[in-house]
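# Topology and contacts: notes
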Amino acid sequence: MTPRDLFLTRIRAEMAKTRGLFPARTAARPADPGAVAETIRRQLAERWPAALERFREEFERVGGVFHRVGALAGVPQVVAGIAHEREIRRLVAWDARELGGDLLPALGARGLEPFAMPPGDLPDVAARAALRERVAAAELGLTGADLAIAETGSLVLRSGAGRPRSTSLLPACHIAVFDRAALIESLAQAGVFLELWSREEPAGVGAVTSFITGPSRTADIELTLTRGVHGPKEVHAVFVDAPIRG
Amino acid sequence: MSDTDLSVPFRRRANGALKDRHLQEALTIATTKFIDLRREAFGEFPEGEGLRDLAREIKEATLQHLDRYLDQLIDSVERLGGHVHYAGTSDEARRVVLDIAARTGARMAVKSKSMATEEIHLNEALEAAGVTPIETDLGEYIIQLAHERPSHIIAPAIHKTKGQVAELFAKELKREVAADPEVLTEIARGELREKFLKADLGITGANFAVADTGTIVLVTNEGNGRMVTSLPRVHVAVMGVEKVVPSMTDLMVFLQILAKSATGQKLSVYTTLVRGPRRAGELEGPDEFHLVLLDNGRIGQLAGPLRESLSCLRCGACLNVCPVYRQIGGHAYGHTYPGPIGILLTAMLEGPRSVKDLAHASSLCGACVDACPVRIDIPRMLVELRREGAERRIAPWTERLAYGLMARVLGSPRLYRWGKPIARLLQRPFVRGGTIRSLPLLADWTQTRDLPPVAARTFQERWRDLERETS
Amino acid sequence: MTAPVRASLMVTCLGDMFFPEVGVRVVRLLRRLGVVVDFPEGQTCCGQPLFNSGYHGGAARLAARTVELFKAAEHVVVPSGSCAYMVKHEFPSLLRDSAARESAARLAGRTWELSQFLVRVLGTTRFRASVSGRVTYHDSCHLLRGLHESESPRAILRNLEGAELVDLPGHDECCGFGGSFSVRLPEVSSQILEKKLKNIEATGAACVVACDAGCLMQMGGGLRRRRSKVRPVHLAELLDGGAS
């Protein structure tokens with residue numbers, strides 16, 4: 001028998017001894033998460049302003065800073081504003097295709113030093129190490145967001161080709177750009193998307209999905225709330241009114 | 001060192017904690033704050049009560065088919081290119097991790113907070129094998145620098161002041177800094193950032209593992225969970241077998257109540273869902289992913305008296321509301337898991353003898369059941385452990401004799417009736433002004449409290465008269 | 001005319017030996033409310049001290065004899081929350097014999113803690129107080145979390161003529177008694193009590209009301225030791241005038 005068989009056999013032997021269990025069921029999963037997701041989107045076509053308002057409220061409650069622009073082209077100005085105020089300039093960004101547009105020229109023109117992540121992996125170890133140093137030294141990280149959850153003020157980011165994990169993790173200031181397509185109301189709705197994503201996996205999807213609810217925090221010393229332990233000290237969410245992907 | 005000395009009897013350990021004025025203050029402030037935050041969070045979340053019931057049901061349903069869900073989890077993880085290991089004991093679990101470290105030539109391991117790796121005492125083993133383990137949760141980092149153990153499941157350094165932390169940093173990191181949480185946190189950020197970028201091995205626990213997708217779920221506030229699973233080239237997750245949940249839909253039920261119970265947040269800052277090693281096209285993430293499934297006494301409780309405690313989410317809510325924990329803190333318990341749930345988990349890991357005294361460290365007030373997100377009936381299981389103590393003669397013979405005598409007297413109305421005049425006779429020298437201020441047999445009890453004497457006429461002795469009264 | 005309500009008093013061991021006055025008050029109070037009260041002879045203890053310490057064989061024998069004693073009762077009134085909890089929740093599973101189990105289940109359905117009986121069975125919440133001024137209420141753990149009863153005693157106390165009910169900070173927190181717990185870990189128990197007494201004294205109440213003999217022993221013992229002006233009283237001792 002393999003170690004796996006031995007382990008599971010032991011579990012089965014113990015399970016067989018249980019008596020008087022109460023009937024219990026797991027949570028009801030959507031049979032067709034794609035269809036449910038569609039329904040959610042349809043409902044939000046009308047309800048989105050309220051959801052956005054709730055998102056803003058909750059996001060600010062957890063220490064996030066909310067911005068709103070008319071179109072993607074308005075994002076560089078917001079980013080530059082944040083950078084200038086803090087007197088920082090080194091920025092790393094997701095690949096243009098993942099952001100929904102190439103914002104780097106506009107950012108550069110506003111005095112930032114933007115750097116785009118490669119659209120895929122770097123086979124060369126040295127090149128990868130150099131890139132990591134660059135990200136670690138960056139002060140701003142610019143990403144998209146796959147979901148924005150109103151109930152909790154959370155941003156959900158899936159890792160993958162052109163959308164590395166570190167962009168939203170190593171720089172002290174994280175800026176995420178999203179539009180109506182990402183906006184949902186609740187954690188329960190997020191569950192539908194997680195079900196959907198686990199069923200269809202196009203190439204380029206990465207291994208990690210991160211729920212980010214405000215800046216990194218701790219209360220480990222005398223329960224004093226302190227921001228920015230390991231992750232970003234600041235998180236900004238920029239809502240774009242015009243659909244980012246047309 | 002500050003590690004609890006288990007040769008000291010529990011009562012003395014507890015009393016030591018009662019005399020630690022700083023600890024007392026810290027405990028009161030922390031537990032009160034956690035209680036308020038939790039109450040507020042559920043106060044504005046009316047669906048919370050139903051979700052707690054549902055969460056409990058999911059845990060139970062999962063345990064009823066644990067073999068199936070683990071089988072599925074293993075398949076899912078392996079399909080993603082991860083490796084699954086099986087550890088029956090702490091020792092086996094440590095060996096698995098050490099083998100991985102040796103094979104991959106790891107010199108430094110960064111860890112995100114994990115009770116499972118505390119439970120198996122992994123750090124000592126890594127150090128002995130020449131791998132430097134670095135705890136990266138700020139509280140755990142402080143504890144590690146101080147060579148102590150966590151005193152609370154979610155706030156490990158709850159017992160330390162900022163002044164003590166500043167002294168510790170000065171001594172261990174050679175950095176003279178102000179006793180300001182913000183400054184101290186900034187120092188730790190710098191120190192640990194360097195380690196994250198340098199470490200070869202990332203070690204985590206798992207708050208949940210989703211069978212259907214092979215997803216390991218880590219919940220943190222600081223972001224160390226993300227660092228540890230993204231930067232080192234190898235990721236090892238150590239999890240108790242009971243942490244598996246069937247689906248993403250189930251997971252969301254738990255996420256809706258976990259942080260609210262622990263810290264009163266709607267959601268912790270980072271919920272990180274990890275599916276195996278780095279994928280094709282991904283720039284970052286570990287080349288290797290290992291999942292260590294840990295038994296360590298859990299499987300034996302599937303049909304055992306402590307089965308219910310397999311539903312525990314490790315949120316710490318029961319600690320905060322426990323009147324005993326609130327007085328003595330985590331260290332006095334003397335084991336990895338403190339508080340009321342800790343007594344049960346200790347019994348699970350180390351057997352009923354290990355909690356001979358701890359099983360009685362509860363007034364059975366039931367505050368823990370109310371606070372528990374999945375409503376684990378902790379007092380019922382504590383009574384079960386006491387029963388085991390009595391029936392398997394773990395309890396001292398003097399105690400068993402006393403209770404045997406009590407059962408005899410209370411079982412016979414005649415003995416019970418005769419006992420009263422005898423008690424009145426015996427208590428006579430100690431009754432002053434209708435109260436007993438000191439009684440030799442209960443000297444410690446009467447140290448702080450008066451005891452009422454057996455009444456001159458008990459109710460039964462008055463009933464005849466009372467019967468004749470007309471209303 | 002409808003038949004009068006009949007109730008059997010389960011006075012409990014602590015009530016019998018240490019607080020007989022509570023039992024006497026209960027009997028007089030119920031009689032004034034038109035209840036026919038009897039007191040089955042041969043009562044000792046429900047077995048909770050044995051049960052909680054793990055001596056379930058002895059506890060089961062006490063449970064069996066208690067079930068037998070109250071077999072004929074229409075209602076059983078217990079002036080102590082934890083003993084009522086023991087009867088209602090632990091007796092049925094403690095007894096092995098299926099007939100005894102059934103009797104225990106029947107008894108469980110007819111057993112009430114005093115305030116519950118007054119409010120939920122008799123439907124009375126209006127009483128005259130035997131004291132005047134502020135009173136505060138301590139929720140005993142088994143009544144609150146075991147029997148989920150917090151409203152009945154409060155309904156009575158709120159309506160009490162001549163008395164004003166004030167909130168006790170930490171009203172739902174344990175007083176530190178816990179039976180054998182207070183003997184095994186007397187120092188921890190004392191410190192829990194200390195907090196409770198501070199909270200009680202901070203209310204400025206003339207008396208603290210509880211519905212459990214154990215809590216009254218603990219809190220009363222502490223209050224007397226510190227020569228506090230606050231008087232520990234059982235609910236029954238407060239309800240002097242019957243229905244107003």
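Okay, so let's go over this structure. (Residues numbered from 1 in each chain as written. Chains lettered and ligands numbered in written order. Predicted model: local features only at pLDDT ≥ 70, side-chain atom pairs only at ≥ 80, totals over all residues.)

### Some details on the overall build of chain A
Looking only at helices and strands, one finds seven helices and 12 strands in chain A. In terms of overall dimensions, chain A has C-alpha extents of about 70 × 50 × 45 Å along its principal axes. Looking at chain A as a whole, 47% of its 246 residues qualify as buried. Within chain A, residue pairs in contact and separated by at least 24 positions form 75% of the contacts whose partners lie at least 6 positions apart. (Helix = DSSP H or I, 4+ residues; strand = E, 2+ residues; numbered from the N terminus. Buried ≥ 20, exposed ≤ 12 C-beta atoms within 10 Å, placed from the backbone. Contact = placed C-beta atoms within 7 Å.)

### Thoughts on the overall build of chain B
Per the secondary structure count, chain B includes 20 helices and 12 strands. For the C-alpha atoms alone, the extent of chain B along its principal axes is close to 95 × 55 × 45 Å. For chain B, restricting intrachain contacts to residue pairs at least 6 apart in sequence, the fraction spanning at least 24 positions comes to 72%.

### Comments concerning the interface of chain B and chain A
Of the residues lining the interface, 75 residues belong to chain B; the matching set on chain A comes to 64 residues. Classifying every residue of the side of chain B that touches chain A gives 35 nonpolar, 22 polar and 18 charged. By the bridge criterion, five bridges tie strand 9 (residues 205-212) of chain A to strand 9 (residues 270-274) of chain B in an arrangement that is antiparallel. In the strand pairing of strand 9 of chain B, isoleucine 212 of chain A is matched with tyrosine 270 of chain B. (Nonpolar A, V, L, I, M, F, W, Y, C, P; charged D, E, K, R; others polar. Pairing = 2+ DSSP bridges.)

### Brief notes about the sheet that holds strand 8 (residues 183-184) of chain A
In space, the eight strands of this open sheet follow the order 8(A)-5(A)-6(A)-9(A)-9(B)-6(B)-5(B)-8(B), with mixed pairing throughout. Looking at the sheet topology across the chains shown, the edges are occupied by strand 8 of chain A together with strand 8 (244-245) of chain B. Bridge count for strand 5 (residues 147-149) of chain A against strand 8 of chain A is two bridges, and the pairing is parallel. Residue pairing for strand 8 of chain A: alanine 148 of chain A is matched across the bridge by leucine 183 of chain A. Its contacts with the sheet put helix 7 (residues 187-199) of chain A on strand 5, strand 6 (154-160) and strand 8 of chain A, and the angle it makes with strand 5 of chain A is roughly 160 degrees. (Axes fitted to C-alpha atoms, helices over the stretch in contact; angles between N-to-C directions.)

### What about helix 5 (residues 81-94) of chain C?
Residue and element names in this part refer to chain C. The first and last C-alpha atoms of helix 5 sit 19 Å apart over 14 residues, in line with the 20 Å expected at 1.5 Å per residue. The sharpest bend along helix 5 measures roughly 35 degrees and falls at valine 87. Of all the residues in helix 5, the buried ones are Gly81, Ser82, Cys83, Ala84, Tyr85, Met86, Val87, Lys88, Glu90, Phe91 and Leu94. (Expected span 1.5 Å × (residues − 1). Bend = angle between axes of the 7 residues up to and from the residue.)

### Focus on unusual backbone geometry
Note on backbone geometry: most residues besides glycine have negative phi, and most peptide bonds are trans. With a phi close to 55 degrees, leucine 223 of chain A is a non-glycine residue in the positive phi region. Summarising the element assignment, leucine 223 of chain A is placed in the loop between strand 10 (217-218) and strand 11 (226-227). According to the C-beta neighbour criterion, leucine 223 of chain A is partly exposed, with 17 such atoms within 10 Å. Located in the positive-phi region is arginine 393 of chain B, a residue other than glycine, with phi close to 55 degrees.

### Side note on the nonpolar core
If you look at soluble globular proteins, the nonpolar side chains tend to sit buried side by side. In terms of nonpolar packing, the biggest core is built from 296 residues, with Val292 and Leu293 of chain B together with Val77 of chain C touching the most fellow members. The element contributing the most residues to this core is helix 12 (residues 248-262) of chain B, with 10 residues. With near-sequence residues (within four places) excluded, valine 77 of chain C lies in contact with Ala7, Leu9, Met10, Val26, Leu30, Trp112, Leu114 and Phe117 of chain C. (Core = buried A, V, L, I, M, F, W, Y, C linked by C-beta atoms within 7 Å.)

### Topic: the interface of chain B and chain C
Put simply, an interface is often sized by how much accessible area is lost when its parts join up. Counting from both sides, the interface comprises 51 residues of chain B and, opposite them, 50 residues of chain C. Looking at the side of chain B that touches chain C, the elements that each hand over two or more residues are helix 1 (10-19), helix 14 (323-328), helix 16 (367-371), helix 17 (378-391), helix 18 (397-411), helix 19 (413-427) and helix 20 (459-468) of chain B. Partitioning the side of chain B that touches chain C into residue classes produces 27 nonpolar, 14 polar and 10 charged.

### Some details on the environment of arginine 199 of chain A
All names here are of chain A. Looking at the secondary structure, you find arginine 199 in helix 7. Using a count of 13 C-beta atoms within 10 Å as the deciding quantity, one classes arginine 199 as partly exposed. Through-space distance from the C-alpha of arginine 199 to that of glutamate 185 is 22 Å; in sequence the pair is 14 residues apart.

### Observations regarding the packing of helix 20 of chain B against helix 2 (residues 20-32) of chain C
Think of two packed helices as two axes; the pair is described by the angle between the axes and how far apart they sit. Interaxial distance between helix 20 of chain B and helix 2 of chain C falls to 9 Å at its minimum, and their mutual angle equals 30 degrees. Taken as axis vectors, helix 20 of chain B and helix 2 of chain C run roughly parallel relative to one another. Note that helix 20 of chain B runs across helix 2 of chain C; the crossing there is right-handed. Residue-level inspection shows Phe459, Arg462 and Leu466 of chain B of helix 20 of chain B in contact with helix 2 of chain C, the latter providing Pro20, Gly23, Val24 and Val27 of chain C. Broken down by class, the residue content of the contact of helix 20 of chain B with helix 2 of chain C amounts to five nonpolar, one polar and one charged. (Parallel < 35°, antiparallel > 145°, perpendicular 65-115°, else oblique. Left-handed = near helix turned anticlockwise from the far one by under 90°.)

### Quick look at helix 3 (residues 75-86) of chain A
Side chains three or four residues apart in an α-helix point the same way, a direct result of the helix having 3.6 residues per turn. All names here are of chain A. With 12 residues, helix 3 should reach 16 Å at 1.5 Å per residue; the first-to-last C-alpha distance of 17 Å fits that figure. Turning to helix 3, its buried residues number three or more, namely Val75, Pro76, Val79 and Ala83. Angular distribution of buried residues about the axis of helix 3 spans 90 degrees; they occupy a single face of the element. In helix 3, the exposed residues that point more than 90 degrees away from the buried face are Gly81 and Glu85. (Arc of directions from axis to C-beta.)

### Topic: the sheet that holds strand 1 (residues 65-69) of chain A
All names here are of chain A. Taken together, the six strands give an open sheet; going across it, the order is 1-12-7-4-2-3, and neighbouring strands pair in parallel fashion. Both edges of this open sheet fall to strand 1 and strand 3 (113-116), since each of them pairs with a single strand only. For this sheet the average axis-to-axis angle between neighbouring strands, irrespective of direction, equals 20 degrees. Summarising the sheet, strand 7 (residues 173-179) and strand 12 (residues 234-240) pair through seven bridges and their orientation is parallel. Within strand 12, the residue paired with alanine 176 across the bridge is alanine 237.

### Observations concerning the environment of valine 355 of chain B
Residue and element names in this part refer to chain B. Relative to the helices and strands, valine 355 resides in the loop between helix 15 (339-350) and helix 16. Judged by C-beta crowding, with 27 C-beta atoms within 10 Å, valine 355 ranks as buried. Sequence separation of valine 355 and histidine 335 is 20 residues, and the distance between their C-alpha atoms is 9.9 Å. Leaving out residues up to four positions away in the same chain, valine 355 has contacts with Ile343, Thr346, Ala347 and Leu385.

### Some thoughts on the arrangement of the chains
There are two pairs of chains in contact here; the most contacts are made by chains A and B. Over all C-alpha pairs, chain A and chain C never come within contact, reaching a minimum spacing of 13 Å.

### Thoughts on the packing of helix 1 of chain B against helix 11 (residues 186-202) of chain C
Between helix 1 of chain B and helix 11 of chain C, whose axes approach to 9 Å, the crossing angle comes to 35 degrees. Contact residues: helix 1 of chain B offers Ala14, Asn15 and Leu18 of chain B, while helix 11 of chain C offers Glu187, Val188 and Gln191 of chain C. Here the contact of helix 1 of chain B with helix 11 of chain C is built from residues that sort into three nonpolar, two polar and one charged.

### Regarding the environment of valine 96 of chain B
Residue and element names in this part refer to chain B. Of note, valine 96 is situated in helix 5 (residues 90-103). Given 21 C-beta atoms within 10 Å, valine 96 falls into the buried group. For valine 96 and leucine 382, which are 286 residues apart along the polypeptide, the C-alpha to C-alpha distance reads 33 Å. Look past the residues within four positions of valine 96 in its chain and what remains in contact with it is His85, Ala87 and Val292.

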